[in-house]
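Here is what each chain is made of, one letter per residue.
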Number of protein chains: 8
Amino acid sequence: MYLNHDKSREERCGIPEVVFGEGKSAEELVAIVDTFLKDLGRAIITRISPEKTEKVLSSIDINKFLVVHNRKGRVLSIKKKDFVSVSVGRVGVLTAGTSDVGVAEEAAAVAEEFGCEIIKVYDVGIAGLHRVFGALEQLKDAQILIVVAGMEGALPSVVAGLVSAPVIAVPTSVGYGTGEGGKAALFTMLNSCTPVAVVNIDNGFGAAALAYKFLKMNTSGPQK
Amino acid sequence: MYLNHDKSREERCGIPEVVFGEGKSAEELVAIVDTFLKDLGRAIITRISPEKTEKVLSSIDINKFLVVHNRKGRVLSIKKKDFVSVSVGRVGVLTAGTSDVGVAEEAAAVAEEFGCEIIKVYDVGIAGLHRVFGALEQLKDAQILIVVAGMEGALPSVVAGLVSAPVIAVPTSVGYGTGEGGKAALFTMLNSCTPVAVVNIDNGFGAAALAYKFLKMNTSGPQK
Amino acid sequence: MYLNHDKSREERCGIPEVVFGEGKSAEELVAIVDTFLKDLGRAIITRISPEKTEKVLSSIDINKFLVVHNRKGRVLSIKKKDFVSVSVGRVGVLTAGTSDVGVAEEAAAVAEEFGCEIIKVYDVGIAGLHRVFGALEQLKDAQILIVVAGMEGALPSVVAGLVSAPVIAVPTSVGYGTGEGGKAALFTMLNSCTPVAVVNIDNGFGAAALAYKFLKMNTSGPQK
Amino acid sequence: MYLNHDKSREERCGIPEVVFGEGKSAEELVAIVDTFLKDLGRAIITRISPEKTEKVLSSIDINKFLVVHNRKGRVLSIKKKDFVSVSVGRVGVLTAGTSDVGVAEEAAAVAEEFGCEIIKVYDVGIAGLHRVFGALEQLKDAQILIVVAGMEGALPSVVAGLVSAPVIAVPTSVGYGTGEGGKAALFTMLNSCTPVAVVNIDNGFGAAALAYKFLKMNTSGPQK
Amino acid sequence: MYLNHDKSREERCGIPEVVFGEGKSAEELVAIVDTFLKDLGRAIITRISPEKTEKVLSSIDINKFLVVHNRKGRVLSIKKKDFVSVSVGRVGVLTAGTSDVGVAEEAAAVAEEFGCEIIKVYDVGIAGLHRVFGALEQLKDAQILIVVAGMEGALPSVVAGLVSAPVIAVPTSVGYGTGEGGKAALFTMLNSCTPVAVVNIDNGFGAAALAYKFLKMNTSGPQK
Amino acid sequence: MYLNHDKSREERCGIPEVVFGEGKSAEELVAIVDTFLKDLGRAIITRISPEKTEKVLSSIDINKFLVVHNRKGRVLSIKKKDFVSVSVGRVGVLTAGTSDVGVAEEAAAVAEEFGCEIIKVYDVGIAGLHRVFGALEQLKDAQILIVVAGMEGALPSVVAGLVSAPVIAVPTSVGYGTGEGGKAALFTMLNSCTPVAVVNIDNGFGAAALAYKFLKMNTSGPQK
Amino acid sequence: MYLNHDKSREERCGIPEVVFGEGKSAEELVAIVDTFLKDLGRAIITRISPEKTEKVLSSIDINKFLVVHNRKGRVLSIKKKDFVSVSVGRVGVLTAGTSDVGVAEEAAAVAEEFGCEIIKVYDVGIAGLHRVFGALEQLKDAQILIVVAGMEGALPSVVAGLVSAPVIAVPTSVGYGTGEGGKAALFTMLNSCTPVAVVNIDNGFGAAALAYKFLKMNTSGPQK
Amino acid sequence: MYLNHDKSREERCGIPEVVFGEGKSAEELVAIVDTFLKDLGRAIITRISPEKTEKVLSSIDINKFLVVHNRKGRVLSIKKKDFVSVSVGRVGVLTAGTSDVGVAEEAAAVAEEFGCEIIKVYDVGIAGLHRVFGALEQLKDAQILIVVAGMEGALPSVVAGLVSAPVIAVPTSVGYGTGEGGKAALFTMLNSCTPVAVVNIDNGFGAAALAYKFLKMNTSGPQK
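Everything numeric here is computed off the predicted structure, so don't read it as measured data.

Bringing the interface of chain E and chain C into the picture now. Chain E puts 22 residues into the contact, and the matching count from chain C is 22 residues. Contact between chain E and chain C buries roughly 1800 Å² in total, counting both sides, with carbon and sulfur atoms accounting for 70%. Counting across the interface, chain E meets chain C through 0 salt bridges. Where chain E meets chain C, there are 6 residue pairs in polar contact (both at pLDDT 80 or more). At the level of elements, helix 5 (129-138), helix 6 (155-160) and helix 7 (183-190) of chain E are the ones that each hand at least two residues to the side of chain E that touches chain C. Looking at which element gives the most residues to the side of chain E that touches chain C, the answer is helix 7 of chain E, with 4 residues. A breakdown of the residues in the side of chain E that touches chain C according to their chemical character gives 13 nonpolar, 8 polar and 1 charged.

Here is the structure:
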């Protein structure tokens, strides 16, 4: 086991350390969770399969912890019952299609665990613009919008042209043909006329972490 | 001079032969124009520079011909005064930005020369959706829309979701960074949720030729 | 379940909403079909596996509906017995190889469901040009040709040079080596000398939807 | 002239309309500036060459306006003397090398024009990490950091691991070999372990606009 | 001057050494020509500009040599008057468009210098298949066909399906949009249903050298 | 079943029609074999799995036919006992590694079935050049060499610099990292200093068919 | 069985021949091991699965040999008990993440077998730079560092800027989105400001072999 | 002027800081040289044009300094007369073609300035392997070989299979068609069977710096 975790990450770079579950064995995850719970009082794992989730949960006394498992988003969070969460703001999460929901749920689950209030509106692709207008009405209290889209990836550009809230754009690998793998969506977002903040393909976690960092941004005056 | 032109092209495949001016010398173009005027009564050249245009025009007796030169679209058309044009339909041409206008003008000039009535609305990018709605109102009589866009290339998808007229999408090489060269726009269009007919990057001619073929499409019943 | 369907799609953008079955669970498809049948009287699903088809069909009383399942094309259509279809025109579907037939059948099944009369000629690759000539004879009544090809993807270019009917070109991911994934075929079609309308790799549905939009194209005069 | 400008952009999507100077002629820019000054009281042009700047400036009575020309950043700003700017926050701008300074200056000039206070530290590549630590000390009052890097593009990742301020990462096309064009830097930033908000290659404007949107972000409570 | 030429190349690997003129200065070429003429009695230079040609020719006593300069193909050949050429066979050279002629002439000039009889038919793209049939009639005595095409690059595939002579396919960088640079044509040729021998983009020399090697191929029985 | 086979292929384009087994069901292959045996007296299938081979063989009376199955090369050949094969020449087949043997065996099996005498030398990568020299000694009677290589793909270039026999180069998809999929090997071969005839990645069949076409090349004088 | 092994490799090019296990059957590996043990006294196999390892080990009398199996690194080494190893130097191996450990172990196992002393520090990504400083302290006696990283691949650049020992950089295919397959990490390393020696993606073996060659480098004076 | 130079680079990471001249103005270079000469006693600039060289040299009193200008390699070195250079070892530099000489000279000039003795053999491509053997004989005293190649880039692999000295491979952007830009050569080198240390395309400086670092490598025993 090569475990070299970074206890001071949150105070140093403003984001709690989160464990990327893909490519790690259940045994490795059990050991990591144990260490995190002891050192930080909370462990958040992304990209965790149902099988590994089960093994991790059977390794702890679940009565002693608060456990949240977002199966669709593949996010598992375990924390001590006295873990103190702080509310940081309101994040809207939109998807263009139903197939983008997994990535959106990863973003939503992580952001919620970080203390964001989440408002979700899914399946509002630009083929039906009236649905976009409806969705934006529902999201009018959100301070930041995370917009998730695969295929041609145009939804974040359209949304960014319609609202003053900043948009974090997440391309997904949903698609086929030239859209397969998400590069078409990624490049669309990078080339958006109205600027959007782009993260890697399928990187729901990254969008959540960014939203969190921006919401916690220092708003006091400089120390002149 | 290697000139092997295809007199029967229009009756065979439904599109008049058009000369691609790029990479041909002024001398070659003069010879080609001479042959076309004799054989077909009309010569249309695309991608022709102002310098070559001047040389070609100085090689003919311009009083004997109808000459149309679209400088922005780089299209030159020369035809005998008795050349008979047939009206085939109404084509709307939109662009997302002012930089896409050169490609749009190539499409418009060729389509007009082929007998299409052209309605143009330029610079209606999706950063200002209200402009798109205004443009579509102006274009409501068009039977086919040619939508030209560079950068993220999302305008054709947005338009196709709003109108019942079929859309021919033309990506342009306008852009920088990952948008340079037009591939981002091309892949956006190929992955559009609402299907659009895509042509090659900067291929204004192709869009015009396709519009013409679709407008001339056989509408009579089958010969059963 | 995130279902946000678009009842007005056909009247707004000229194409009925069709469900993309890939990446959706059988349960999601059952719920979608139920909603569509109630709201629109018809549900069309593409990219549906035999297993999901079975589950969807077992969820309805199949005596009350007209069911068409194109297994090769992976298209399932269910409609109320009194659903009114309108005939819109004649579409020819060609393939270069037998391996392209799945994509061609997707196009054919969708176009037929939309009201097109379909004429199919399969396996007429350009290695045997005499077969192409024979095929075009069979297709002479078609108003639009959908030409499906993988590998080097040259068939649409060859066909477009021989007929006056407009050609919609569909690249397929059939091939190996540099042809794998369909990009070689796609780029061949985009660079065709005789312009063709290109859709995304394996996008049989897109070709059908475009053919339908062009056949329904407004042919009346403008409202001057 | 195809000019269709978007007067309501700022109130709708939170960013003033800015003119992209590349690919527009001096004449077009003169006309655009005239319109903007009349309608909005301010015109900001990016990617403007010294020659075009001169022509634009000679078209106005420069005694009546406040003019700022950032030659290195290729940004020209002209505004009425009574134009009211609002201070929105403090933005740090870092570059990895001296060759990245042009892009950084574009970001700084635009952000400053939008009302941000700018703190610049340039030429602090990761080959000398001690310089990075020094730079971060200088930037400790910045609320958002714009980090600009070409070549291998690792500076934003390193910085994001060291500070709690959110990072907007701008890849530049500075480099040669596989780094040419900026894709290596772009992909490095998208794959950063500590999430950063990525914009298109050389897109200094985009970074500035995003920083501005995030600084103006709604910080009041929701309207429950 | 770093000159390290390979006098034994022809006897070892069956192709005379040919000088690639691009990227070499006129002075370097003059020195190389001098050495080749002394050692081998002949110097062939490809990719040589008119300016360098002039300088090279002015460095020799042109009355003592046979000089052939193919300007369009950018090939210069200089040989002693008593240089003995051997006839090796008949090569047909086709091009799809007039813009491909430069590459075709490079192939033709080199192959002719190597002792091949050349039959040329240019500008027979597949948009007019009847021209292809006519060309093949003219080329029926050719033992090998070199087929040169840019854009979609389909001509070699079509020709290879119609004749029993082996085809060497040369993609050209003629084209725009996705065809720019020749990769679309290259991949088309590599994926041809009827196999063709492919060389690098614009590599007229390579096609000529291959044709020469195949024509000189050992036809006697094995030395058992 | 969409079967449209091409009985006249050999006399027209010089290569017998060969069936590509991948992507066809056993049932389709059984029907195709039946037709081929009736019409042409022989059926050759490439890319056929052991399972499909078994099914095809159980569909015929194997006592009436000559059956050759190359399991490693995945080639199955069935012909009537009175099928007349003609000897056309001697082909050497080399591979760089043992992992390239499958592709080499496809080439060897097809070429042998076409009437070529095959000389094989496998596993002679350039890491041990002395092995290359040894191999070329064994291959000195071969008229054409088929050289198969994955990874960096340099063997064909090295061989072509050492022998006067023409080289057909086959890149393979053997490799990992940037070599995965065969593009590194393909581009090495296309850029070889000594020209080689390149076919698609893993295209053993193509190499065999080309070798056959070149060996059968018309060697008689022209019909002047 | 095509086995053509290269007994003299070590004395010729300074690296013992190592068998690449992927794509070879257990039977082939058994035969290769047998030959290597007889000829060289040692067999090293990389990329060998647990199943093949078991089959290879069951084919030998393991009491007669020294066997080392690195399961995580997929390396198997078998040597005669009297095989003489020579110590060549000290190599440090770092990884950025725990998912890169497999590739690092391949490097470590091979280098150790070649006679290097190995110092390993794993999971020291740049998100926590203090861990990097700690790791370098542990590695201060290493003469060469092998630095393994996926994702954005910035660790080798950071390390090379901090130590005077030369760095061999190994990109890994660990990652998702644009990082998938390792090209982002590879290009980061190639574009590092402080030069590092780069090997192919996931090529732990290559890094080990290079380290060994550099450690054995001729340090005596020239033979003047 | 943004100049933030790194005086301690050599002692920290083992390579003197070298100025990359491309993209910096003559004025910037003059200022940098001035600072470097004062602080370090030496300034080395790579990628410097003849024009900028002249301007830099005219800014100093050249009688007080040792100046070396490698025009072909575009490297300028200026140092105080009492600057102490230390001899570190012997480096061989090979090129495949004459067009690769510019990159090789950059490597040679930098390595020489760093204290390496240089042995150069240029123009020894693999099309004439006997020349390679001759070159290696000349280079037998070199401790490290820098092998520079464009086109197919196979020379480093061939050399690495023949000598025990470690090879640093430099791909060049020399080539055309698919070889243009150097990626074909780069990937060949990364996939070499015998491992080589690869640097970025055209990165002669990187190769020199690496050679220097490896020659200075700690050869004393560990501080146990």
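Turning to the relation of the copies chain D and chain A, a few remarks are in order. When chain D is fitted onto chain A, the two copies agree to an RMSD of 0.0 Å after a turn of 180 degrees and an axial shift of 0.0 Å. Taken together, the turn and the small shift mark the pair as related by a two-fold rotation axis. An overlap of 100% is found between the interface residues of chain D and their copies at the interface of chain A, pointing to a shared contact surface.

Turning next to the interface of chain D and chain A. Each side of the interface is counted separately: chain D has 44 residues, and chain A has 44 residues. With both sides pooled, the region where chain D packs onto chain A buries about 3600 Å², and carbon together with sulfur makes up 60% of that total. By the criterion of area lost to chain A, the three top residues of chain D are Leu190(D), Pro195(D) and Phe214(D), representing 17% of everything that side buries. Where chain D packs against chain A, one counts 9 residue pairs in polar contact (both at pLDDT 80 or more). Elements supplying a minimum of two residues to the side of chain D that touches chain A: helix 1 (9-13), helix 7 (183-190), strand 9 (197-198) and helix 8 (204-215) of chain D. At 7 residues, helix 8 of chain D tops the list of elements feeding residues into the side of chain D that touches chain A. Its residues assigned to classes, the side of chain D that touches chain A shows 24 nonpolar, 13 polar and 7 charged.

So, about the sheet that holds strand 1 (residues 19-20) of chain G. All names here are of chain G. An order of 1-2-4-3 is seen for the 4 strands of this open sheet, with the pairing classed as mixed. The two strands at the open ends of the sheet, each matched to only one other strand, are strand 1 and strand 3 (65-70). Direction of pairing for strand 2 (residues 42-46) relative to strand 4 (residues 75-80): antiparallel, over a ladder of 4 bridges. Residue pairing across strands places alanine 43 opposite isoleucine 78, the latter belonging to strand 4. Relative to the sheet, helix 3 (residues 50-58) contacts strand 3 and strand 4, its axis offset from that of strand 4 by approximately 10 degrees. Set on the sheet, helix 4 (residues 101-113) makes contact with strand 2, strand 3 and strand 4; between it and strand 4 the angle comes to about 10 degrees.

Placing chain E over chain C gives an RMSD of 0.0 Å and needs a rotation angle of 180 degrees, together with 0.0 Å of translation along the axis. By residue overlap, the copies meet face to face through one surface: 100% of the interface positions of chain E are interface positions in chain C.

Our next topic: the environment of Ser99(C). Among the structural elements, Ser99(C) can be located in the loop between strand 5 (89-95) and helix 4 (101-113). Separated by 26 residues in the primary sequence, Ser99(C) and Gly73(C) place their C-alpha atoms 12 Å from one another. Excluding its chain neighbours within four sequence positions, the residues that come into contact with Ser99(C) are Val174(C) and Glu22(F).

Bringing the pattern of salt bridges into the picture now. A complete count under the given rule lists 77 salt bridges over all chains for this structure. Note that Arg47(D) and Glu106(D) form a salt bridge whose closest N and O atoms lie 2.9 Å from each other. Of this pair, Arg47(D) sits in the loop between strand 2 (42-46) and helix 3 (50-57) while Glu106(D) sits in helix 4 (residues 101-113); the two residues are 59 residues apart in sequence, bridging distant segments of the chain. Here Glu106(D) falls in the buried class, since its relative accessible area comes to 3%. Linking Glu137(G) and Lys140(G) is a salt bridge whose minimum nitrogen-to-oxygen distance equals 3.8 Å.

All names here are of chain A. Each assigned domain of chain A is listed with its residue range as follows: domain 1 (9-80) and domain 2 (89-219). The C-alpha centroid of domain 2 is placed 25 Å from the C-alpha centroid of domain 1. At the interface, 16 residues of domain 1 touch 15 residues of domain 2. Overall, the association of domain 1 and domain 2 removes approximately 1300 Å² of surface from exposure, summing both partners, and the carbon and sulfur fraction of that is 59%. Across the domain 1-domain 2 interface, the total number found is 3 salt bridges. Measuring nitrogen to oxygen at the nearest pair gives 2.7 Å for the salt bridge that ties glutamate 113 to lysine 79. Linking domain 1 to domain 2 there are 7 residue pairs in polar contact (both at pLDDT 80 or more). Those elements that place two or more of their residues in the side of domain 1 that touches domain 2 are helix 1 (9-13), strand 2 (42-46) and strand 4 (75-80). Taken together, the residues of the side of domain 1 that touches domain 2 sort by class into 6 nonpolar, 5 polar and 5 charged.

Residues and elements named next belong to chain C. Counting buried positions along strand 8 (residues 167-171) yields 5 of 5 residues, so the element is predominantly enclosed. Burial along strand 8 is two-sided: the face carrying Val167, Ala169 and Pro171 and the face carrying Ile168 and Val170 are both buried. In this sheet, strand 8 lies alongside strand 7 (residues 144-149) in parallel orientation, the contact comprising 5 bridges. The residue bridging leucine 145 from the neighbouring strand is valine 167, located in strand 8. The parallel pair strand 7 and strand 8, bridged by helix 6 (residues 155-160), forms a crossover whose chirality is right-handed. Across 2 bridges, strand 8 lies against strand 9 (residues 197-198) in parallel orientation.

About the cut-offs
- Residues numbered from 1 in each chain as written.
- Chains lettered and ligands numbered in written order.
- Predicted model: local features only at pLDDT ≥ 70, side-chain atom pairs only at ≥ 80, totals over all residues.
- Heavy atoms only, no water.
- Contact = heavy atoms within 4.5 Å.
- Buried area = accessible area lost by both parts, 1.4 Å probe.
- Salt bridge = Lys/Arg side-chain N within 4 Å of Asp/Glu carboxyl O.
- Polar contact = N/O pair within 3.5 Å; in protein donor to acceptor, adjacent residues only side chain to side chain.
- Helix = DSSP H or I, 4+ residues; strand = E, 2+ residues; numbered from the N terminus.
- Nonpolar A, V, L, I, M, F, W, Y, C, P; charged D, E, K, R; others polar.
- Least-squares fit on C-alpha atoms with pLDDT ≥ 70 in both.
- Pairing = 2+ DSSP bridges.
- Axes fitted to C-alpha atoms, helices over the stretch in contact; angles between N-to-C directions.
- Buried < 20%, exposed > 50% of the residue type's maximum accessible area, 1.4 Å probe, protein only.
- Domains from an automatic or database assignment.
- Right-handed = clockwise from strand over helix to strand, strands pointing away.

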